[in-house]
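One letter stands for each residue in the lines below.
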Amino acid sequence: MLPLTHKDSRSLSYRIREKVNGWKRLIFSDRNSRNLFLFLLLNLSFAFVELLYGIWTNSLGLISDSFHMFFDCTGLIAGLFASMVTKWKANDRYTYGYVRAEVLAGFVNSLFLLFIAFFIMSQAIERAVEPPEVSALCHTSH
């Protein structure tokens, strides 16, 4: 009796390497996706440097700005993924292809930004109505 499935004898590392190489070819084949990818790498590197330096110097401003940059990276990742999806071939279900993926990624990113804006606004209103108590630690030497 013949087997119903074909078992791939290639190693897992080989299949992962082939998948990564396919993504790399797809990203670098188009100028827009290549620019998104390079800007993502640049943004991630600055975010990591800012986070590490913020932790090293105990600077809350640098740490919070690095998280802001990481949130920016999520938008860039969504745009890069959408840019890659638009290159998928049309099929029976999506006869025009996946060109609208970029529009949907932009829409989801804008919903995410609106959610964050409303969260910040609600926190600001809450603090304006009932301000938190701030303890001032003053060390005076005589």
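Refer to the structure printed above.
Computed from a prediction, not measured in an experiment: that's the story for all the values here. (Residues numbered from 1 in each chain as written. Predicted model: local features only at pLDDT ≥ 70, side-chain atom pairs only at ≥ 80, totals over all residues. Heavy atoms only, no water.)

This part covers the overall build of the chain. Across its full length, the chain carries four helices and zero strands. The order of α-helices and β-strands along the chain, N terminus first, is α-α-α-α. Counting over 142 residues, the chain shows a buried share of 18%. A sequence separation of at least 24 residues applies to 44% of the contacts in the chain between residues at least 6 apart. Working note: accessible area of the chain is about 12200 Å², and carbon and sulfur atoms make up 67% of it. (Helix = DSSP H or I, 4+ residues; strand = E, 2+ residues; numbered from the N terminus. Buried < 20%, exposed > 50% of the residue type's maximum accessible area, 1.4 Å probe, protein only. Contact = heavy atoms within 4.5 Å. Areas by Shrake-Rupley, 256 points an atom, 1.4 Å probe, with all protein chains shown as cover.)

Moving on, we get to the packing of aromatic side chains. Summed over the entire model, instances satisfying the criterion amount to six aromatic pairs. Consider the rings of F28 and F37, whose centres lie 5.7 Å apart with planes at 80°: the pair is edge-to-face. Aromatic side chains F48 and F70 sit 5.2 Å apart centroid to centroid with 70° between the ring planes, which places their arrangement in the edge-to-face category. Of the two residues, F48 is situated in helix α2 (residues 31-57) and F70 in helix α3 (residues 60-85); the sequence distance between them amounts to 22 residues. Among the residues examined, F48 registers a relative accessible area of 45% and is labelled partly exposed. Among the aromatic residues, those joined into a ring-pair cluster are F48, F67 and F70. (Phe/Tyr/Trp six-rings, centres within 6.5 Å; stacked < 30°, edge-to-face > 60°.)

Turning next to the nonpolar core. Core analysis: the biggest nonpolar cluster contains six residues, these being I27, L40, C73, L76, L80 and M84. Contacts of I27, omitting those with residues within four sequence positions, involve S33, R34, F37, L80 and M84. (Core = buried A, V, L, I, M, F, W, Y, C linked by side-chain atoms within 4.5 Å.)

Now for the pattern of salt bridges. By the definition in use, this model includes one salt bridge. Where K87 meets D30, a salt bridge forms, and the shortest distance between an N and an O atom there is 3.5 Å. With K87 in the loop between α3 and α4 (101-129) and D30 in the loop between α1 (12-28) and α2, this residue pair connects regions lying 57 residues apart in the sequence. (Salt bridge = Lys/Arg side-chain N within 4 Å of Asp/Glu carboxyl O.)

Although it is not a glycine, N58 sits at a positive phi angle of roughly 60°. Considering the arrangement of structural elements, one finds N58 in the loop between α2 and α3. The class for N58 is exposed, based on a relative accessible area of 68%.

Taking 1.5 Å per residue, 26 residues should reach 38 Å; α3 reaches 38 Å between its end C-alpha atoms and fits that length. Considered for burial, the residues of α3 that qualify are I63, S66, M69, F70, C73, G75, L76, L80, A82, S83, M84 and V85. Contact partners of the buried residues in α3: α1, α2 and α4. (Expected span 1.5 Å × (residues − 1).)

Below, the discussion takes up the packing of α1 against α2. Between α1 and α2, whose axes approach to 6 Å, the crossing angle comes to 110°. With respect to each other, α1 and α2 are oriented roughly perpendicular. Of the residues in α2, those touching α1 at L26, I27 and F28 are S33, R34 and F37. Residues of the contact of α1 with α2, tallied by class, amount to four nonpolar, one polar and one charged. (Axes fitted to C-alpha atoms, helices over the stretch in contact; angles between N-to-C directions. Parallel < 35°, antiparallel > 145°, perpendicular 65-115°, else oblique. Nonpolar A, V, L, I, M, F, W, Y, C, P; charged D, E, K, R; others polar.)

None of this, on its own, says anything about what the molecule does.
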